[in-house]
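# Report on the structure
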Amino acid sequence: MELAPPRGTQDLLGDRADGMWRLYDEAHRSAELFGFRYVETPTFEHTELFARTAGDTSDVVTKEMYTFEDKGGRSLTLRPESTAGVVRAYLGHAHDLGSPFRGYYLGPQFRHGRPQAGRLREFRQFGVEVIGAAEPTADVEVIELGERFLRERGIERTTLHLNSIGDANCRPAYRERLIAYLEPFRDQLDEDCRTRLAKNPLRVFDCKVDGGKDFVRAAPTITDHLCDACRDHFAAVREGLDAAGVPYELDPRLVRGLDYYTRTAFEWVSGALAAAQSTINAGGRYDGLAAELGGADTPGVGFAMGLDRVLLALDAEGGRAPAGRTPRCFVVAIGSETQREGTRLVRALRDRGVSAIRSFAERPLKAQLRMADRAGAAYVAIIGERELAEGTVTLRRMADGEQWPVQVAALPERLAGETA
Ligand SMILES: [Zn+2]
């Protein structure tokens, strides 16, 4: 039996798992602070959901979906992203949930790409969606939440890129203009980009092969061809971000890989990660998505943050080490007379909210101290026959080995009162 997990996946254990758990915890708290409600949708959906919404030039659809047939012959797909699923779920419950709806999710997404660090086949996202609000203030709120989350984690070396990619009113004319501009350069585009040129020419800008070429850099940008409504919307988003003190860079060549995005597009790029994996949070407005799913026209805006990349960025910036979620106190009971008292003390500590463990079996003092060290306990409370007779424990602080007697009855309160 192979012990390594499947290619493109990872096991999170120990400090790494603690670090991810903390991000989950902080994501829950950040979202709650902004009034977002927790949402869970299925890990797999009908393939049609993604095929309809992602557009046929999207890499996600053409190359990277985990699609399989279930025993009933239905085509199902592990979700490559969650926005489509969340909007689908909202449309089914819109009557109860009202509008606008602020929702957020946490969980794994799946893309069958070539795996490398920061680009795994199973990866974790924290995403938020505001569904049913067309106003630019909704875009601002979503971006402000994303910005605050990264700053509070101590991630500094990121830049927020911002653009507007227009809407159904102004994008078609721009698209024609872009095709007319790029057509003479057709021979200089690779095969992939020629396909994009025909189907979704905006995506030539984020082509890995041709995106940096001079003639692509000189192409007309959507930002210069927005209709009045899109231009006003974009101006209001920028004003809102300025007022919120959120710094950003305008990036007229920022486009989206998924077709249902409209108007505001944004992403946070880390200067601490390799270019191919440097986008740690990406989002935008998707006013066309609900109609694509067969629902009533419902505007929306959101982001999806890659939590595996957030951890990598934290590593790379040498920032805050993820604090271990290890027991506060390891109770060591020496000799058969003290076992009952050891168990009682563990229970009393837990009753007071202090995490505590002890050895499952009776062991020599030295062995138990090694166990406490390996468990990462901050304190060891030792009960020997003398302590049992005196109603005390010998409390040892593992960081410096210092130890002193403490009344056993006072220990839970004592450890509960200390900051970690
Ligand atoms: Zn427009």
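Scroll up a little and you will see the structure.
In this text, all values refer to a predicted model and were calculated from it rather than measured experimentally. Residue indices begin from 1 for each chain and proceed along its sequence in written order. Under the rules for a predicted model, residues below a pLDDT of 70 receive no local features and side-chain atom pairs below 80 are neither given nor counted, while totals for whole chains, interfaces and linings still include all residues. Excluded from the side-chain calculations are hydrogens and water; all other atoms, namely the structure's heavy atoms, are used.

## Observations regarding helix α11 (residues 307–316)
The criterion, for reference: Three labels apply to residues, based on accessible area from a 1.4 Å probe with only protein chains included: buried if under 20% of the type maximum, exposed if over 50%, partly exposed otherwise in between. Helix numbering and strand numbering both begin at the N terminus, where a helix is a DSSP run of H or I of at least 4 residues and a strand a DSSP run of E of at least 2.
Summarising burial for α11: seven of the ten residues are buried, a large majority. Taken residue by residue, α11 has L307, D308, R309, V310, L311, A313 and L314 as its buried positions.

## Notes on the packing of helix α1 (residues 14–33) against α11
The condition is simple: Axis angles are defined between N-to-C directions and span 0 to 180 degrees, where every axis is a line fitted to C-alpha atoms and, for a helix, only to the segment in contact. Here is the rule for handedness: rotate from the far helix to the near one, and if that takes an anticlockwise turn smaller than a right angle the crossing is left-handed, while a clockwise turn gives right-handed. Note on contacts: a residue pair qualifies if any of its non-hydrogen atoms lie within 4.5 Å across the two residues. Here the term charged refers only to Asp, Glu, Lys and Arg, the term nonpolar to Ala, Val, Leu, Ile, Met, Phe, Trp, Tyr, Cys and Pro, and the term polar to all other amino acids, Gly among them.
Packing of α1 against α11 brings their axes to within 10 Å, and their N-to-C directions diverge by 115°. You can see that α1 and α11 cross each other, and the crossing is right-handed. Within the contact between the two elements, α1 uses R16, G19, M20, L23 and Y24 and α11 uses L307, D308, V310, L311, L312 and D315. Each residue belonging to the contact of α1 with α11 can be placed in one class, and the counts come to seven nonpolar, one polar and three charged.

## A few points about unusual backbone geometry
Here the residue pair S99 and P100 is connected by a cis peptide bond, since its omega of 0° sits within 30 degrees of zero. Examined against the element boundaries, P100 turns out to sit in the loop between α4 (83–97) and β5 (101–110). Phi is positive for R263, which is not a glycine, with a value near 50°. Turning to its location among the elements, R263 is positioned in strand β9 (residues 262–270). Assessed through its relative accessible area of 15%, R263 is described here as buried.

## Considerations on the coordination of the zinc ion
Our working definition: Note on donors: an N, O or S atom is included if it sits within 2.8 Å of the metal, or within 3.2 Å for Na, K and Ca, and water is never included, so sites can look incomplete.
Within the first shell, the zinc ion binds the protein through D167 (OD), C170 (SG), C227 (SG) and C230 (SG), at distances of 2.2 to 2.3 Å. One chain supplies every donor to the zinc ion, and in sequence these donors are spaced D-x2-C-x56-C-x2-C. Here C227 lies in the loop between α8 (214–217) and α9 (228–244) and C170 lies in the loop between β7 (158–164) and α6 (171–182), a separation of 57 residues in the sequence. The same class applies to C170 as to C227, namely buried.

## Observations concerning the pattern of salt bridges
Definition in use: A pair is scored as a salt bridge if a Lys or Arg side-chain nitrogen falls within 4 Å of a carboxyl oxygen belonging to Asp or Glu.
Here the structure, examined in full by the defined rule, presents 19 salt bridges. Here R16 and D315 are joined by a salt bridge, their closest N and O atoms 3.0 Å apart. Here R16 is found in helix α1, whereas its partner D315 is found in helix α11, with 299 residues between them in sequence. Assessed through its relative accessible area of 42%, D315 is described here as partly exposed. R231 is paired through a salt bridge with D228; the nearest N and O atoms lie 3.1 Å apart. On the criterion of helical spacing, the pair formed by R231 and D228 is a turn pair, its members being three residues apart in helix α9. If you follow the salt bridges from partner to partner, you end up with D139, R285 and D287 in one network.

## What to know about the packing of aromatic side chains
What characterises a pair of aromatic rings is the spacing of the ring centres plus the angle enclosed by the ring planes. Counted only if it meets this: Pairs were defined over the aromatic rings of Phe, Tyr and Trp, the Trp ring being its six-membered one, requiring ring centres within 6.5 Å. Orientation was assigned from the angle between planes: stacked under 30 degrees, edge-to-face over 60, tilted for the rest.
What the rule picks out here adds up to eleven aromatic pairs. Between F126 and F149, the aromatic rings sit 5.3 Å apart at their centres with planes inclined by 55°, giving tilted as the arrangement. Of this pair, F126 sits in strand β6 (residues 122–131) while F149 sits in helix α5 (residues 136–152), and the two are 23 residues apart along the sequence. For F126, a relative accessible area of 0% corresponds to the buried category. The class of F149 is buried, set by a relative accessible area of 0%. Joined through ring pairs, the aromatic side chains of Y38, Y104, F126, F149, F266, W268 and F303 make up one cluster.

## Some thoughts on the packing of α1 against α5
Packed helices, taken two at a time, are described by their axes: the angle between them and the distance between them. Just so we agree on the cut-off: These descriptions rest on fixed angle ranges, namely under 35 degrees for roughly parallel, over 145 for roughly antiparallel, 65 to 115 for roughly perpendicular, and the rest for oblique.
One way to put it is that α1 packs onto α5 with a least axis distance of 11 Å and a crossing angle of 140°. On the basis of the axis angle, α1 is oblique to α5. Crossing angle aside, the handedness with which α1 passes α5 is right-handed. Two secondary-structure elements touch here, α1 through L23, E26, A27, S30, A31 and L33 and α5 through L145, R148, F149 and E152. Across the contact of α1 with α5, the residue classes tally to six nonpolar, one polar and three charged.

Bear in mind that shape data such as this cannot, by itself, settle questions of function.
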